[in-house]
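# Descriptive structure summary
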Amino acid sequence: MAITLEDLRGDRRRVRRERLVRTALTAAAATSILISALIVFSLARETWTFVTQVEWATVFTSDGWYPRRGEYSILTLLVGSAIVTTVAMVIAAPVGLGSAIYLSEYARPTVRKVLKPTLEILAGIPSVVLGFFAISVISPQVVQRFFGATSLFNLMVAGIGVGILSIPLVASVSEDALRSVPQALREASYGMGARKITTTIRVVLPAAVSGLVAAFILAASRAIGETMVVFIAGGAGGGSQLSFSPTEEGLTMTAAMASQATGTDAVVGEALTFQSLFFVGSVLFLITFGLNVIASRFVRRVRVSY
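Residues numbered from 1 in each chain as written. Predicted model: local features only at pLDDT ≥ 70, side-chain atom pairs only at ≥ 80, totals over all residues. Heavy atoms only, no water.

## Brief notes about the nonpolar core
Our working definition: Nine residue types can take part in a nonpolar core, namely buried Ala, Val, Leu, Ile, Met, Phe, Trp, Tyr and Cys, and a core is a set of them joined through side-chain atoms within 4.5 Å. Throughout, exposure labels follow a simple rule: accessible area from a 1.4 Å probe, protein chains only, divided by the maximum for the residue type, with under 20% read as buried, over 50% as exposed, and the rest as partly exposed. The numbering of helices and of strands both runs from the N terminus, where a helix is a DSSP run of H or I of at least 4 residues and a strand a run of E of at least 2.
Counting residues in each nonpolar core, the largest one holds 40 residues, and the members touching the most others are Trp 65, Tyr 72, Ile 74, Leu 77, Val 143, Val 162 and Met 253. Of all the secondary structure elements, the ones that give two or more residues to this core are helix H4 (74-106), helix H6 (127-146), helix H7 (155-179), helix H10 (209-225), helix H11 (228-233), helix H12 (253-260) and helix H13 (273-302).

Spelled out as structure tokens, the structure:
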């Protein structure tokens, strides 16, 4: 019996269902792209308004970020964000990497099953709660006692809080990278007489360096984009003076946007106050995008396939 083209097409109802599913999935993908494009368009439009109308002397020479008074010192926000991110990575990188090494190389399976979900609980803590914990416990017991901060609110407290939030991200991604290293490499190292710590440092970590770098850059992006902890613990309200001290009050880019735009009606003052929010958002977007591009290129360059 000859097979016709109609036979090869299959059941018509199944073909219609597959076509319907394909259409629905395509529409979902197109919707996400459209939403992203609209977000970028609105961001670029208001940013262009700010860029073309602002007096650039207020952007580069002002002593602080006071948008309602017409002072738009972006350096103030960049320095605040850099301080918070640096403090956060000083906390998250060693603690997260150490946790990942223990979970991957030293912990027994029963311990790992309990410890890893417990560690990841930190990621589920609301940032608002962690912000209040930072100013009620970390600031008086740690920062004011050991670093001499005079104010309960400062950038170091915010950085420590963001660092605690970033630990689960570093630990989870780093642990996945370490566990992806083939067991044969470890066994070859043991066969040459190397101890476990030597194998971990000289074999496993170099083999997983691409995943570890990706974890650190993801954590840095997370720290730069964190809002509520720095909004609560940073201390600065609607504006901040330029300061390079982590023990003083300050603003990050996200905290500046949150404090200034608690509601559309609250964005009052100079004519470009509202547009300055989009300008800061564009700078933050470019920084985060740049970090992701750097991470992607570095990972592709050093990645080794086993």
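Back to the write-up after that little detour.
## A word on H6
Counted only if it meets this: An expected span of 1.5 Å times one less than the residue number is assigned to each helix. The contact definition used throughout considers only heavy atoms, calling two residues in contact when any of these lie within 4.5 Å.
Between its first and last C-alpha atoms H6 spans 24 Å; for 20 residues at 1.5 Å apiece the expected length is 28 Å, and the helix comes up short by more than 12%. Those residues of H6 not exposed but buried are Ser 127, Leu 130, Gly 131, Ala 134, Ile 135, Ile 138, Ser 139 and Val 143. Summarising the contacts, the buried residues of H6 are in contact with H7 and H11. Positive backbone phi, at 75 degrees, marks Gly 148, one or two positions downstream of H6.

## Considering the sheet that holds strand E2 (residues 71-72)
Put simply, the test is: The criterion for strand pairing is that DSSP finds at least two bridges linking the strands in question.
Reading across the sheet, the three strands line up as E2-E1-E3 and stay open at both edges, with antiparallel pairing between neighbours. Unpaired on one side and paired on the other, E2 and strand E3 (240-241) mark the two borders of the sheet. Bridge analysis of strand E1 (residues 64-66) against E2 gives two bridges, and the strand direction is antiparallel. Bridge pairing in E2 places Tyr 66 opposite Glu 71.

## Focus on the pattern of salt bridges
Defined as follows: What counts as a salt bridge is simple: a side-chain nitrogen of Lys or Arg found within 4 Å of a carboxyl oxygen of Asp or Glu.
If you walk through the whole model with that rule in mind, you get seven salt bridges. Of the charged contacts in the structure, one is a salt bridge between Arg 179 and Glu 175, with a shortest N-O distance of 3.7 Å. Here Glu 175 and Arg 179 lie together in helix H7, a separation of four residues that amounts to about one turn. Under the relative-accessibility criterion, Arg 179 is labelled partly exposed at 45%. Glu 175 sits in the buried class, given a relative accessible area of 0%. One continuous salt-bridge network, built from bridges that share partners, spans Arg 112, Lys 116, Glu 175, Asp 176 and Arg 179.

## A few points about the packing of H4 against helix H9 (residues 196-207)
As a reminder of what qualifies: Helix axes use the C-alpha atoms of the stretch in contact, all axes being lines fitted to C-alpha atoms, and the angles between their N-to-C directions lie in the range 0 to 180 degrees. Angular relationships are summarised with four words: roughly parallel below 35 degrees, roughly antiparallel beyond 145, roughly perpendicular across 65 to 115, and oblique for the angles in between. Note on convention: near helix rotated counterclockwise from far helix by under a right angle means a left-handed crossing. Clockwise means right-handed.
Packing of H4 against H9 leaves a shortest axis separation of 12 Å and a crossing angle of 110 degrees. Compared by their axis directions, H4 and H9 come out roughly perpendicular. Note that H4 runs across H9; the crossing there is right-handed. Residues Leu 97, Ile 101, Glu 105 and Tyr 106 of H4 touch H9, and the partners they reach there are Lys 196, Ile 197, Thr 200, Val 204 and Leu 205.

## Digging into the packing of aromatic side chains
Quick note on the threshold: Planes of paired rings set the category: under 30 degrees apart is stacked, over 60 is edge-to-face and the rest tilted, where pairs are Phe, Tyr or Trp rings (Trp by its six-membered ring) whose centres lie within 6.5 Å. The rule for a charge over a ring is simple: NZ of Lys or CZ of Arg within 6 Å of the ring centre, and within 35 degrees of the ring normal.
Summed over all chains, the structure comprises six aromatic pairs. Residues Trp 65 and Tyr 72 carry aromatic rings whose centres are separated by 6.0 Å and whose planes lie at 70 degrees to one another, so their mutual orientation is edge-to-face. For the pair Trp 65 and Tyr 72, one class covers both residues: buried. Seen from their ring centres, Phe 285 and Phe 289 are 6.1 Å apart, and the 20 degrees between their planes marks the pair as stacked. Of this pair, Phe 285 and Phe 289 both sit in helix H13, four residues apart, which is roughly one turn of that helix. Given the relative accessible area of 42%, Phe 285 is considered partly exposed. Site record: aromatic cluster; members linked through ring pairs are Phe 50, Trp 56, Trp 65, Tyr 72 and Phe 279. Above the ring of Tyr 66, the side-chain terminus of Arg 69 is found at 4.0 Å from the ring centroid. We note Lys 196 situated over the ring of Tyr 106; from NZ or CZ to the ring centre the distance is 5.6 Å.

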